[in-house]
Amino acid sequence: MQRVFVWFTVAMAALIAVLAGHLVTAMSAGGPVAVPDVPAYLSIAQWVGGDGLAPTDVPFQPGYGLLVAPLVAVSQVSLLGTQGEVVHLLGLVVNSLAAVAAVVVAGRLGFVWAQRWWVAGAAGLIAAVHPSLSSASRIAWSETLLGLAVLLAALAVAGAALHAGTATSWRWWGRAGLLANLGVALHARMVVLVVAVVMTALACRISRRDWSGLVGGLLVGGTAAAVALTLTHTWPTARLNEAAQLDRGVEPIVTVSGQLLALGGGTVGLGLLGLIAGLGIAVRLVRRWPGNNTGSSNGIGPLAASALFVSLGALGAVVLGGWTLTGSDRADALLYGRYVDPWAVPLAAVAIAWLATRRARRRRDSRVLAISAAVALAACAVVIGAADAYDAPSRRIMTLSFSPAWTWLDGRLPAVAVAGFTAVLLGVLLAAIAQRQHGETDPQATIPPPDGEPDDDETPDDDETPDNNETPPDAEPDDDETPDNDETPDNGAAQARMATGPVAALGVLVAAMLALGATATVLNHRHLADVGAVARDQVTAAHTVADAVDNDGLACLAHDRTSVPDYALWLYRLELPEIAHERVRLSAGDRPCSELVIADDDLGERCTNARHLIDEPAASWALWHLPARKCTGV
């Protein structure tokens, strides 16, 4: 009991430290670092929170903004002249809480899957330092919540498998369906969660009662998501139309390969191992499907069911992301990590639990390692071969999980690809060592693994344990099988070997991923702090516009479309949500909505009557006054 209390105290102290670190970082985050994503998300929060006009043409899902909206309403930011930094801070607070919750859920998953505290601790630590979650206090977007949603849905699937055949299993499937469809309200690509949970349920051969729970959860979650999209006018029609285009050639193969390599490199191979292991379960279930009538949950345990769910969702995200990334010439589009990052922590945890709980190695386990290395090698070759076509500068914010390689190798795609493959190869080699040690040291190698993963063969071999419903032969040894005292092995020594064997190699593998994640976190926070400072100095004129709103009744701010990037409008809208923001083309003779216009620094040369008011320190545009809303000289 005392030992449990000590571990609980350590875990709580670690969680408090993670939360405190996130909140302190959020206080000095500066302006939005991802535009127009962040201002667009937060504009929904401002409107729903009773502060500002309804945004138009929002290209993102409303879920994240709806979660931030209550904080906006309670904090009464509408009393402030400019509100951007405060609303941004509220979004970062929500992300910080979500990041800490993800650490807890990851740790819980690790224990449910492996029944080992060290696996739970490793999963929690990985969630704490992986950039998909550790950057939560710098970027006010929905990616942190996406990672939490995947973890929660995986926990629900694990709970359903754990309680298979009981009166409560339908509730777990209902939670999984609910969480999967609510994820669609956070981002359109989370539709892959819905497909994954349905396919997992089919593979598990769940009962009719369980299906009723799953369908009910899907209906409730789908209804809530549809209502949110309808009320906020954020149906992703444009994205769906773009995704429906079929004339993309072989480029999706290239971008899919790059995402797989980014996943493997950013997790030292663990993410790729978890993906291949989960897909391997799917293949084995398909092979044994025709003659399988095992009933509830198909004999699949929590780890196997969750691995199947997470890997199917990750595969869908990679394919969908590869499809939508085509057409870009940015370097990061070829090694894009953002779309698959929400699955990185769950997949890494799957790999650790899978390696920690496997019995004496079988050939199919070695195939998982071999296939993972082969996939990484093929993906590396594809990326290097296509690198010349992606020559535009990369965006660091899209490659956070493998930022050390991007930073230290100056963004050279071939070099970064080789670094990614090297990281995967290191992880595979350490996993192979752990596999070998596990087979040599486990004194109960013939006992079925706790994950309940299906075997390749339905009939056990002579040296394998009979069906799970039968009593293992070593559970109740006969009298004549009991060894003599001088032949009895030292159980303490055996347990020690079992603990130090695979754990040692896995410990090095986990330490490598933690080191990579911690390094990436430090580099990312430095970079994002600089970007936030730049964003803050791109909207300093908002204070002058706010004075015009209060003193002169200004109701609209015009933005010159031809000379100012589109994201600038979102930055100003975040600061000034109570007025309209309209784009105009001054060069075409358009009449702006007000006499105050955001345009480039050279507007005075084109409009002789324009009066320069305020120059933005970190931007190429400024605030101008156009008398009578006319540009003389065009």
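All residue numbers refer to positions counted from 1 along the written sequence of the respective chain. Confidence filtering applies because this is a predicted model: local features only for residues at pLDDT of at least 70, side-chain atom pairs given and counted only at 80 or more, and all residues used for totals across whole chains, interfaces and linings. Neither water nor hydrogens contribute to the side-chain values; these are computed over all heavy atoms in the structure.

*Asks:* Pulling in residues and values, what's your account of the sheet that holds strand S3 (residues 596-600)?
*Replies:* Two strands are said to pair when DSSP picks up at least two bridges between them. Secondary structure is summarised from DSSP: a helix means a run of H or I of at least four residues, a strand means a run of E of at least two, and numbering begins at the N terminus for each. On the basis of which strands lie adjacent, the open sheet formed by five strands has the order S2-S1-S3-S5-S4 and mixed pairing. Either end of the sheet is taken by a strand with one partner, and the two such strands are strand S2 (580-584) and strand S4 (611-615). Adjacent strand axes in the sheet meet at a mean angle of 30° when their direction is disregarded. When S4 meets strand S5 (residues 621-625), the two strands line up antiparallel, connected through four bridges. Of the residues in S5, the one forming a bridge with Asp-615 is Ala-622. In what follows, a contact means two residues having at least one pair of non-hydrogen atoms within 4.5 Å. Note on definitions: angles span 0 to 180 degrees between N-to-C directions of axes, and those axes are lines fitted to C-alpha atoms, for helices only across the stretch in contact. Docked against the sheet, helix H21 (residues 566-575) engages strand S1 (556-560), S2, S3 and S5, running at close to 165° with respect to S2.

*Asks:* Quick one: what's the story with the packing of helix H7 (residues 143-162) against helix H14 (residues 302-324), residue by residue and with numbers?
*Replies:* When two helices pack together, their arrangement is given by the angle between their axes and by how far apart the axes lie. Relative to each other, H7 and H14 sit at 145°, their axes nearing to 8 Å. At the point where H7 passes H14, the crossing takes the right-handed sense. Along its contact with H7, which presents Val-150, Ala-153, Ala-154, Val-157, Ala-158, Ala-161 and Leu-162, the element H14 presents Pro-302, Ala-305, Ser-306, Phe-309 and Val-310. For the contact of H7 with H14, the residue count by class is eleven nonpolar, one polar and no charged. Crossing chirality is assigned from the near helix's rotation relative to the far helix, an anticlockwise turn below a right angle marking it left-handed and a clockwise turn marking it right-handed. Polarity classes work like this: nonpolar for Ala, Val, Leu, Ile, Met, Phe, Trp, Tyr, Cys and Pro, charged for Asp, Glu, Lys and Arg, and polar for all others, with Gly in that last group.

*Asks:* Can you break down the environment of Phe-111 residue by residue, with the values?
*Replies:* Counting through the fold element by element, Phe-111 comes out in helix H4 (residues 84-114). Residue contacts for Phe-111: discarding those within four places in its chain leaves Arg-116, Trp-117 and Ala-120.

*Asks:* Go over the side chain of Ser-401, please, and point to the residues and values.
*Replies:* Note on placement: Ser-401 falls in the loop between helix H16 (363-386) and helix H17 (403-408). In protein, a polar contact means a hydrogen-donor-capable atom and an acceptor-capable atom, both N or O and within 3.5 Å, with residues adjacent in sequence counting only if both atoms are side-chain atoms; elsewhere, any N or O pair within 3.5 Å suffices. Within the local environment of Ser-401, its side chain forms a polar contact with the side chain of Asp-341, the two groups lying 3.3 Å apart. Other than its neighbours up to four places away in sequence, Ser-401 contacts His-130, Pro-131, Ala-262, Gly-266, Asp-341 and Ala-520.

*Asks:* Could you give an account of the layout of surface pockets, with specific residues and numbers?
*Replies:* Think of a 1 Å grid over the protein atoms and nothing else: a 1.4 Å probe that fits but is trapped marks a cavity, an open set flanked by protein within 12 Å on at least five of seven lines marks a pocket, and residues with an atom within 4 Å of a point count as lining. Grid points are joined across faces, edges and corners, and a volume is the space filled by probe spheres set on the points. Put simply, the second largest pocket is a space of about 970 Å³. In this structure, the second largest pocket is lined by 23 residues; those nearest its centre are Trp-7, Ala-11, Trp-117, Ala-120 and Gly-121. The greatest single-element share of the lining of the second largest pocket, amounting to ten residues, is contributed by helix H1 (residues 2-27). Tallied by class, residues from the lining of the second largest pocket come to 18 nonpolar, three polar and two charged.

*Asks:* Before we move on, can you summarise the pattern of salt bridges with the specific residues and values?
*Replies:* By convention in these notes, a salt bridge is any Lys or Arg side-chain nitrogen within 4 Å of a carboxyl oxygen on Asp or Glu. Applying the stated rule across the entire model yields nine salt bridges. The shortest N-O distance in the salt bridge between Arg-536 and Glu-85 comes to 2.9 Å. Placement of Arg-536 in helix H19 (residues 491-536) and of Glu-85 in helix H4 is noted, with a sequence separation of 451 residues between them. Classification of Arg-536 as partly exposed rests on a relative accessible area of 37%. Classification of residues uses two cut-offs on accessible area relative to the type maximum, computed with a 1.4 Å probe and protein chains only: under 20% is buried, over 50% is exposed, and between them is partly exposed.

*Asks:* Give me the state of the cysteines: which residues, what numbers.
*Replies:* Disulfides are defined as pairs of cysteine sulfur atoms found within 2.5 Å of each other. What the rule picks out here adds up to two disulfides. Each disulfide pairs two cysteine sulfurs, and for Cys-556 the partner residue is Cys-593, the sulfurs being separated by 1.9 Å. Judged by the torsion about the S-S bond (-80°), the Cys-556/Cys-593 disulfide is left-handed. With a gap of 37 residues between them, Cys-556 in strand S1 and Cys-593 in the loop between S2 and S3 connect regions that are remote in the sequence. Relative accessible area serves as the criterion here: at 7%, Cys-556 is assigned to the buried category. The disulfide partner of Cys-607 is Cys-631, and the S-S distance across this bridge is 1.6 Å. Handedness of the Cys-607-Cys-631 disulfide follows from its S-S torsion of about -90°: it is left-handed. On the criterion of sequence distance, the pair formed by Cys-607 in the loop between helix H22 (603-606) and S4 and Cys-631 in the segment after S5 is long-range, its members being 24 residues apart. The two residues Cys-607 and Cys-631 agree in class, both being buried. For the protein chain, numbering the cysteines in disulfides from first to last along the sequence yields the connectivity 1-2, 3-4.

*Asks:* I'd like a description of empty space enclosed by the protein, backed by residues and values.
*Replies:* Inspection of every chain in the model, using the stated rule, returns six cavities of 30 Å³ or more. In this model, the largest cavity occupies a volume close to 150 Å³. In terms of lining, the largest cavity is formed by 16 residues, of which the most central are Pro-131, Ser-132, Trp-141, Glu-143 and Leu-400. Sorting the residues of the lining of the largest cavity by element identifies helix H6 (131-134) and H7 as the ones contributing at least two each.

*Asks:* Before we move on, can you summarise the nonpolar core with the specific residues and values?
*Replies:* By size, the foremost hydrophobic cluster in this structure holds 154 residues, and its most contacted members are Ile-139, Trp-173, Val-197, Leu-261, Phe-309, Trp-343 and Ile-397. Not counting the four nearest positions on each side in its chain, Trp-343 is found in contact with Val-150, Met-190, Val-192, Leu-193, Val-310, Gly-313, Ala-314 and Ala-317. As used in this record, nonpolar core signifies buried Ala, Val, Leu, Ile, Met, Phe, Trp, Tyr and Cys residues forming a set joined through side-chain atoms within 4.5 Å. One finds Val-545, Ala-568, Tyr-572 and Leu-623 within the second-largest nonpolar core, a separate group that totals 20 residues.

*Asks:* Outline the packing of aromatic side chains, listing residues and values.
*Replies:* Pairing of aromatic rings covers Phe, Tyr and Trp, the last counted by its six-membered ring, and requires centre-to-centre distances within 6.5 Å; plane angles under 30 degrees mean stacked, over 60 mean edge-to-face, and any other angle means tilted. One pass over the structure, following the stated rule, counts five aromatic pairs. A centroid spacing of 5.2 Å and a plane angle of 40° characterise the contact between Tyr-41 and Phe-60, whose relative ring orientation is tilted. Of this pair, Tyr-41 sits in helix H2 (residues 37-48) while Phe-60 sits in the loop between H2 and helix H3 (63-75), and the two are 19 residues apart along the sequence. Three or more aromatic residues joined by ring pairs make a cluster, and in this case those are Tyr-41, Phe-60 and Tyr-64. We call a charge positioned above a ring when the Lys NZ or Arg CZ atom is no farther than 6 Å from the ring centre and deviates by at most 35 degrees from the ring normal. Directly above the ring of Trp-172 sits Arg-175, whose terminal nitrogen or CZ lies 4.5 Å from the centroid.

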